[in-house]
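Below are the chains, spelled out letter by letter.
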2 protein chains.
Amino acid sequence: MNKTGLDYVHGYAPVALSRLQDQARTLADLLHHDTRYPPGAHVLEAGCGAGAQTVLLAERSPQATFTCVDVNESSLATARDRCTGLNNARFIRADVRSLPFPDATFDHVFVCFVLEHLARPDTALDELIRTLRPGGTLTAIEGDHGSVLMHPDNRASRAAIACQVRLQRRARGEPMIGRRLFPLLAAAGLGSVHVEPRTVYADATRPGLVDGFVHRTFTAMIADIEDAAVDAGWVTRATFAEGIAGLRRCTEPDGAFAYTFFKAVGVRPEAPPR
Amino acid sequence: MNKTGLDYVHGYAPVALSRLQDQARTLADLLHHDTRYPPGAHVLEAGCGAGAQTVLLAERSPQATFTCVDVNESSLATARDRCTGLNNARFIRADVRSLPFPDATFDHVFVCFVLEHLARPDTALDELIRTLRPGGTLTAIEGDHGSVLMHPDNRASRAAIACQVRLQRRARGEPMIGRRLFPLLAAAGLGSVHVEPRTVYADATRPGLVDGFVHRTFTAMIADIEDAAVDAGWVTRATFAEGIAGLRRCTEPDGAFAYTFFKAVGVRPEAPPR
């Protein structure tokens, strides 16, 4: 998922917006419903991007304060704009791999759709944990592009998704990092690590997820890489188009689509992690 | 999954049995916790096999009565033996494709790990729905062999799983039927169809699932087809062995494994389904 993965309610006619927002919330609920921070907690959101998750976090924990960092200034501008109504989030430009905060600054750390983009998620975790007080939690949420289930299944769609995987790996990211969260957090020295799969499932009875997740998030993300995949010589334009059509086919009344995210929480032990 | 898929607590030393039974229950809970039938309900369990699910169903709904059918007499003998302590389940030999019951006999129908083995799950559903009273529910649970996520990922393991898929398809079954439950039930004329993914996730913090599901259920099932897969010329014995080792590798402390089942419930409308 890119950082705007949850940002799929824009562009609808006002008449449909409310219903779709409600249903779009089901994805946010699936991922975030159990992330709530107590009054007074200082939380680092590492790699906040355009603030899609910040809004959800800050609304759910109105008496916690969020320090949200991202390396990209234009994303931060969007995030600030999106969060103008919130008084418990501040935004700072910083690289999650080298944070401008003393050790043990935060009570909790939250990182969502970020580790997948890093060549060294392990050292990034070390840096995040450095800023976390002993006893505080780190929450990580990531997707896994190996988890797509389509009905009808479609070979061209799988080829197009494989191009996304190759592209992300070429950029030294790991799009199948979801399944690896347990060993990553455990190796970083966190204790009580608990990982849960969170599977988004969309069929005709869930039009908000069909439209908001399958069309406007996942298929849109794959469609975005058409030129890069064709230019790399990994797929023909015809096959890629067939792959996109195959993804859309899953959203017809007799189709189905599933994608699994993983959510992990670990606790920084009282002794330094390593 | 074969019909003994949940039958994985046998063969342990007594000292560990209680703990492992508790944890094995977590898979049963994942799949069955929300299947409870009211007092007096007559339920058909179609394709009960050796009764692994029957025990769980009948214990959860002690005042409902279960009519459990299977085409295999020796499975039924095992099921009867396993259910001797239960007074609300009876076992009858019958083919789910041609049931010896009048129309609208049952208040509810339950079918688990059965449709995957049938060449025509659609006509089997028609027959099941014929025996269901209008307003009654049909519950279907199936796995999906396309849903396996391994860490570390392993090409040979995926090749071995692909052999299982080919074998089952050669026998005219469909091992990726889980994702298809929504269109199948909807096309059969059921209303209010609701499908949920149920993902089994196992890492080192869940030793009962690691041992009970990854080792003794999934890996054991794949290991069982070694000869058939090698004889068919689909894989070398060396690659198959590497695949089994790869599955076992996921159960080490830095590994992880996920598999997604789908659970579907639909209601027979008051008008005949079609």
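Residues numbered from 1 in each chain as written. Chains lettered and ligands numbered in written order. Predicted model: local features only at pLDDT ≥ 70, side-chain atom pairs only at ≥ 80, totals over all residues. Heavy atoms only, no water.

Caption draft 1: Just the overall build of chain A, in detail. Tallying secondary structure elements over chain A gives nine helices and eight strands in all. Taking all 274 residues of chain A together, 56% fall into the buried category. The contacts in chain A between residues at least 6 apart in sequence include a share of 78% that link residues at least 24 apart. Accessible surface, chain A as shown: approximately 11000 Å² in total, 51% of it carbon and sulfur. (Helix = DSSP H or I, 4+ residues; strand = E, 2+ residues; numbered from the N terminus. Buried < 20%, exposed > 50% of the residue type's maximum accessible area, 1.4 Å probe, protein only. Contact = heavy atoms within 4.5 Å. Areas by Shrake-Rupley, 256 points an atom, 1.4 Å probe, with all protein chains shown as cover.)

Caption draft 2: The arrangement of helix H5 (residues 155-170) of chain B in detail. Residue and element names in this part refer to chain B. Here H5 contains 16 residues, and its C-alpha end-to-end distance of 22 Å stays within 8% of the 22 Å for a straight helix at 1.5 Å per residue. By the burial criterion, the buried members of H5 are Ala156, Ser157, Ala160, Ile161, Cys163, Gln164, Val165, Leu167 and Gln168. Looking at the buried residues of H5, the elements they touch are strand S6 (149-151), helix H7 (207-223), helix H8 (226-231) and helix H9 (237-249). Its side-chain oxygen at 2.8 Å from the backbone nitrogen of Ala156, Asn154 defines the N-terminal cap of H5. (Expected span 1.5 Å × (residues − 1). Polar contact = N/O pair within 3.5 Å; in protein donor to acceptor, adjacent residues only side chain to side chain.)

Caption draft 3: Spotlight on the pattern of salt bridges. All names here are of chain A. Within this structure, the stated rule accounts for 36 salt bridges over all chains. Residue Arg249 pairs with Asp254 through a salt bridge whose shortest N-O separation is 2.9 Å. Looking at Asp254, the relative accessible area reads 35%, which means it is partly exposed. Each of Asp34, Glu196, Arg198 and Lys263 takes part in a single network of salt bridges with overlapping partners. (Salt bridge = Lys/Arg side-chain N within 4 Å of Asp/Glu carboxyl O.)

Caption draft 4: Representation of the packing of aromatic side chains in the model. All names here are of chain A. Following the criterion strictly, the structure yields 20 aromatic pairs over all chains and no others. Measuring from centroid to centroid gives 5.6 Å for Phe113 and Phe261, while their planes differ by 40°, and the two rings are tilted. In this pair, Phe113 sits in the loop between strand S4 (106-112) and helix H4 (121-130) while Phe261 sits in strand S8 (residues 256-267), placing the two residues 148 residues apart along the sequence. Overall, Phe261 belongs to the buried group, its relative accessible area being 1%. Members of the aromatic cluster, joined through ring pairs, are Phe113, Phe213, Phe218, Phe257, Tyr259 and Phe261. (Phe/Tyr/Trp six-rings, centres within 6.5 Å; stacked < 30°, edge-to-face > 60°.)

Caption draft 5: Inspection of the relation of the copies chain A and chain B at higher detail. The two copies are related by a screw operation: chain A maps onto chain B through 180° of rotation and 0.0 Å of translation along the axis, at an RMSD of 0.0 Å. In symmetry terms, the pair is related by a two-fold rotation axis. In terms of C-alpha distance to the rotation axis, chain A has Ser147(A) as its closest residue, with the C-alpha 3.2 Å off the axis. Same-surface contact between copies: 100% of interface residues of chain A are shared with the interface of chain B. (Least-squares fit on C-alpha atoms with pLDDT ≥ 70 in both.)

Caption draft 6: Molecular detail of the environment of Thr54(B). Residue and element names in this part refer to chain B. For Thr54, the location among the structural elements is in helix H2 (residues 52-60). Linking Thr54 and Ala89, residues 35 residues apart in sequence, is a C-alpha distance of 7.8 Å. Setting aside its immediate chain neighbours within four residues, Thr54 contacts Glu45, Cys48, Cys68, Cys83, Ala89 and Phe91. Reaching out from Thr54, the side chain makes a polar contact with the side chain of Glu45 at a distance of 2.5 Å.

Caption draft 7: A look at the packing of helix H5 (residues 155-170) of chain A against helix H9 (residues 237-249) of chain A. Residues and elements named next belong to chain A. Where H5 contacts H9, the two axes come as close as 7 Å, and the packing angle between them is 110°. Regarding the angle of H5 to H9, the classification is roughly perpendicular. Contact residues: H5 offers Ala156, Ser157, Ala160 and Ile161, while H9 offers Thr239, Phe240, Glu242, Gly243, Gly246 and Leu247. Looking at side-chain class alone, the contact of H5 with H9 contains five nonpolar, four polar and one charged residues. (Axes fitted to C-alpha atoms, helices over the stretch in contact; angles between N-to-C directions. Parallel < 35°, antiparallel > 145°, perpendicular 65-115°, else oblique. Nonpolar A, V, L, I, M, F, W, Y, C, P; charged D, E, K, R; others polar.)

Caption draft 8: Region of interest: the environment of Gln168(A). Residue and element names in this part refer to chain A. Topologically, Gln168 is positioned in helix H5. In this structure the C-alpha to C-alpha distance between Gln168 and Asp224, which are 56 residues apart in sequence, comes to 13 Å. In this view, Gln168 contacts Glu116, His117, His145, Gly173, Glu174 and Pro175; residues no more than four positions away in its chain are not counted.

Caption draft 9: The arrangement of the confidence of the model for chain A in detail. All names here are of chain A. The predicted model of chain A has a mean per-residue pLDDT of 91, with 89% of residues at 70 or higher. Low pLDDT, under 50, characterises residues 1-17; the stretch is placed with 45 contacts to residues that sit more than four places away or in other chains. As scored by the predictor, the complex reaches a pTM of 0.90 and an ipTM of 0.89. (pLDDT = per-residue confidence, 0-100.)

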